[in-house]
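# Residue-level structural notes
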Amino acid sequence: MKAAVIVFPGSNCDRDVQVALAEAMARHAPGTAPVMVWHKDADFEKVDLIVLPGGFSYGDYLRCGAMAAQSPVMKEVVGRAEKGVPVLGICNGFQILTEAGLLPGALIRNASLKFVCRDVNLRVETGQSLFTSRYEQGQTIRVPVAHHDGNYIAGGEDVARLEDRGQIAFRYCDPEGALTGPSNPNGSAANIAGVFNETKTVLGLMPHPERLADPALGGTDGRPMFDGLVEALS
Amino acid sequence: MSDDTVSKVIPPNVIAQHGLSGEEYERILEIMGRAPNLLELGIFSVMWSEHCSYKSSKVWLKTLPTAAPWVIHGPGENAGVIDIGEGLAAIFKMESHNHPSFIEPYQGAATGVGGILRDVFTMGARPVANLNALRFGDPEHPKTRHLVAGVVEGIGGYGNCIGVPTVGGEVNFDPGYNGNILVNAMTVGIAPQDRIFTSQASGIGNPVVYTGSKTGRDGIHGATMASAEFGEGAEEKRPTVQVGDPFTEKLLVEACLELMATDAIVAIQDMGAAGLTSSSFEMASQGGLGVDLDLDRVPCREDGMTPYEMMLSESQERMLMVLKPEREELARRIFEKWDLDFAVIGHLTDSGRMVLKMHGEIVGDLPIDPLAQAAPEYRRPYVNTPQAPSLAPSEVPAPADTGAALLRLLACPDLCSRRWIWEQYDHMVMADTAARPGGDAAVVRIHGTNRGLAITTDCTPRYCQAAPHDGGMQAVAEAWRNLTATGARPLAVTDNLNFGNPERPKVMGQFVGCVQGIGEACRALDFPVVSGNVSLYNETNGKAIPPTPTIGAVGLIEDLARTATVAFQAEGEDIVLIGAGEGHLGASLYLREIEGRREGAPPRVDLAAERRNGDFVRGLIENGQVTACHDLSDGGLAVALAEMALAGSLGAVLSLPDDGGLPPLHAWLFGEDQARYLVTVPAAGPVLKAARGAGVPAAKVGTTGGETLTLPGGAPISLDELRAAHEDWLPAYMGDTAEN
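In what follows, the accompanying structure is described. (Residues numbered from 1 in each chain as written. Chains lettered and ligands numbered in written order. Predicted model: local features only at pLDDT ≥ 70, side-chain atom pairs only at ≥ 80, totals over all residues. Heavy atoms only, no water.)

Here we take up the packing of aromatic side chains. Within the structure shown, the criterion is met by 15 aromatic pairs over all chains. Between Tyr 61 of chain A and Phe 247 of chain B, the aromatic rings sit 5.9 Å apart at their centres with planes inclined by 90 degrees, giving edge-to-face as the arrangement. Highlighted residues: Tyr 61 of chain A in the loop between strand 3 (49-52) and helix 2 (72-82) and Phe 247 of chain B in helix 10 (residues 246-260), drawn from two different chains. Looking at Tyr 61 of chain A, the relative accessible area reads 36%, which means it is partly exposed. With a relative accessible area of 11%, Phe 247 of chain B lands in the buried category. Residues Phe 335 of chain B and Phe 342 of chain B carry aromatic rings whose centres are separated by 5.9 Å and whose planes lie at 35 degrees to one another, so their mutual orientation is tilted. Pair check on accessibility: Phe 335 of chain B and Phe 342 of chain B agree, each one buried. The ring centre of Trp 38 of chain A lies 5.1 Å from the NZ or CZ of Lys 337 of chain B, which sits over that ring. Across from the ring centre of Trp 60 of chain B, 5.6 Å away, lies the NZ or CZ of Arg 379 of chain B, which sits over that ring. (Phe/Tyr/Trp six-rings, centres within 6.5 Å; stacked < 30°, edge-to-face > 60°. Helix = DSSP H or I, 4+ residues; strand = E, 2+ residues; numbered from the N terminus. Buried < 20%, exposed > 50% of the residue type's maximum accessible area, 1.4 Å probe, protein only. Lys NZ or Arg CZ within 6 Å of the ring centre and 35° of its normal.)

This is the structure:
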């Protein structure tokens, strides 16, 4: 298996996701490891998975993800995604994917107007995807969020369409799986935490599964995402 | 030549505006052998400012212990460096950004974080943790809420963007900070021991290279501003506050670390306070050399900047390096990759002078050593703080209801949960945060290992005010205790000494007392001071802040599987109190919050007992004998117990030990005697026996279990009620609902 983590100026979770992915690859595809791709390197090698990490690409100046979406590497990422290469965008990576048009909707400032960093509970909306095959539909998992602009919006009809097509991947919930207001850290529409493209080969999510993929950090609920991806793609 | 650089007689008011005394100006004339021009005067002014020269504090700082076998670099470098084993070093320092944060809280706090980060990565370390110690005024003061909001947002704005986790710190509220808040920021980094960089320049002819952001007109005379009191209209000093750009700093960190992996760098120094002036002086002075700078080559944000503005600007995110000439191109390519400015602005000489040129003319020419090293040094007169009378527990009435008193303490501004603050900080980025905020110390894993660093900041200003010497000792002891409570071996200290105007003997007496107390405690605990910062003139209209010598401290955990947190782990475990107490209520939070009294001497600090009890507790943790551990400090036993219950979502019943001779119940519950810990163990017997053997006082004081907390003779209090009391005050004060 080959996987690439794209590094933009201002990415700061690139190493974190590299570690989580490398550990999953060591478990399920021994001898392989992710490569780090600098954003100016538009003709990077052919890979089975592309990851856009969290951070503050270009300082989040102008609008989160807007400038990274215009960088040379992103033309290539969009082209490959359209051909079916799986793409995972976490936090700032999710923002870049919506700005690049690979995912519907947009991410605006949190309803609290404040940065929020804490563990949240997520309800897995489907186990039928490359990214969620190791989770059960309806399962509740705990992973952290850390963002200022994670408030997902889409028009009312668009949310209904996302639901109809099974494009909602994760929703914020309470520990019992109920979609409550207080369990939503940013005011997102329909408690949406992550969405797929129509073919479910592109996933963007605000929470950070790579931050709870190691028992020493207090939890491993993020680990099945990486294990499932590596298993499916190797 | 511009007006600034023509040598002419400088009027006395201009000298005064530069914060220089008449005597200091005489000294300048002597050193220069002529009258300085305005540029040169400006350079003397910043270099000799209290902020840069430590002229009032130096004689006392020299008394602090700074050596230990594990100290690699003590004070004098950008940050302290200690050996943490396996070929690695921890590099850390704490620094104040008090004056700017009061004037412009967001940018003041943000650039405080940026500045301390640069001090650490300048030395070759990747920053791995930020902490901050904050002191605000009375919550009822009209400015406090605005300052809290701005400072917290500024710290988060910078740290979150650059991607270094903000893992801990402390916050106090006291009317004594109404006119001068304190923002003390600490950064810890990790570097390979064989790749540590210093500012000592060498190699005559070697290029002096400027990189990072362009120079603008911001922060001019920031160091001088930070070396004066505030009067009316402090807000008018806003132009002296710098503006931060964490994105550029992130690029600068990555570019510098990439370059540091090569052999290109001879010396490197960040441009912090006093900017280009201080960094170039520092490098040349450390190397015993001279430097010629061509100011036409300095990357500027605006056209028409004068030499005076360029040399005194405190624009952020800038670095100065001396490179090996043959590596200049390699370095240029790395900085261009990261889209950062890179300019050779001068070269080293053997002249021992700094020669500044612009448009082909010499605009300034100063001797380096006298300026950098012969800065004034004062032994300021001081008076010792009068001894505060001790206060017996019997002189403090018992509360009508101990449970209600506990609830009030847990909800008071100095003790309530800081969740509202730390949820605005990314405390998990870098994926090595092993113990998150809310415990005794943060624990950050050393990347790629199962070892960790424990990190804390501590000071109890009300103790320092009542008795500076004891308060200084207590700040060190509490930091040592907080590290110990996680299972870490305490290694070293950075001190951030915040005081009022040192020209007033009363304030100077507080400073001297605190430094002596710090020194005594650090010596007794083998806890050397490896870096630090002094912030004086924290006063407004003649009113000084409470003495606040903040201690930042780092310890090492050899095995992250053998640590403890404050959270109760299991039902039915025994709760053991380690350490002796006499129910000390003088200068306590109980006395202040419940009785409304600020009086009495602070608790006695017995350093031998600290060491004995702490070593015992650390041993228990290392042996895997304890399931949870918490040090006792503000609010005493009852508050520590409640914090452990809340963290573990598990109740407890507290019972009086049967060894007799106890102080009155309220003093036993809320007394702030030092050198004490609470631990939980599956069964108390073996631990009590081991304690007897070690000469450590220990007693079983309760059992975990249930969903309520029961104090002796009191009704059970539900954890929900305790949690609401603890969690609700700060969000409510800041105008948020409990959720979101």
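From this point, things continue past the structure.
Residue and element names in this part refer to chain B. The sheet built from six strands is open, its strands ordered 1-2-3-6-4-5 with mixed pairing. Among the strands making up the open sheet, the edge pair consists of strand 1 (71-73) and strand 5 (166-173). When the angles between neighbouring strand axes are averaged without regard to direction, this sheet yields 25 degrees. Taken together, the nine bridges between strand 4 (residues 126-136) and strand 6 (residues 182-192) define a ladder with antiparallel strand orientation. Note that in strand 6 the partner of Asn 130 across the bridge is Thr 187. Across the sheet, helix 7 (residues 105-121) is in contact with strand 3 (88-96), strand 4 and strand 6; its angle to strand 6 comes to roughly 25 degrees. (Pairing = 2+ DSSP bridges. Axes fitted to C-alpha atoms, helices over the stretch in contact; angles between N-to-C directions. Contact = heavy atoms within 4.5 Å.)

All names here are of chain A. A large share of strand 7 (residues 140-147) lies buried, amounting to six of its eight residues. Pairing of strand 6 (residues 116-124) with strand 7 involves eight bridges; the strand directions are antiparallel. Residue pairing across strands places Val 120 opposite Val 143, the latter belonging to strand 7.

Taken together, the contacts link 33 residues of chain B with 31 residues of chain A. At the surface where chain B touches chain A, the tally comes to six salt bridges. Here Arg 118 of chain A and Glu 423 of chain B are joined by a salt bridge, their closest N and O atoms 3.8 Å apart. One can count 13 residue pairs in polar contact (both at pLDDT 80 or more) joining chain B with chain A. Of all the secondary-structure elements, those providing two or more residues to the side of chain B that touches chain A are helix 8 (144-162), helix 10, helix 13 (328-337) and strand 14 (433-435) of chain B. A per-element tally of the side of chain B that touches chain A places helix 10 of chain B first, with four residues. (Salt bridge = Lys/Arg side-chain N within 4 Å of Asp/Glu carboxyl O. Polar contact = N/O pair within 3.5 Å; in protein donor to acceptor, adjacent residues only side chain to side chain.)

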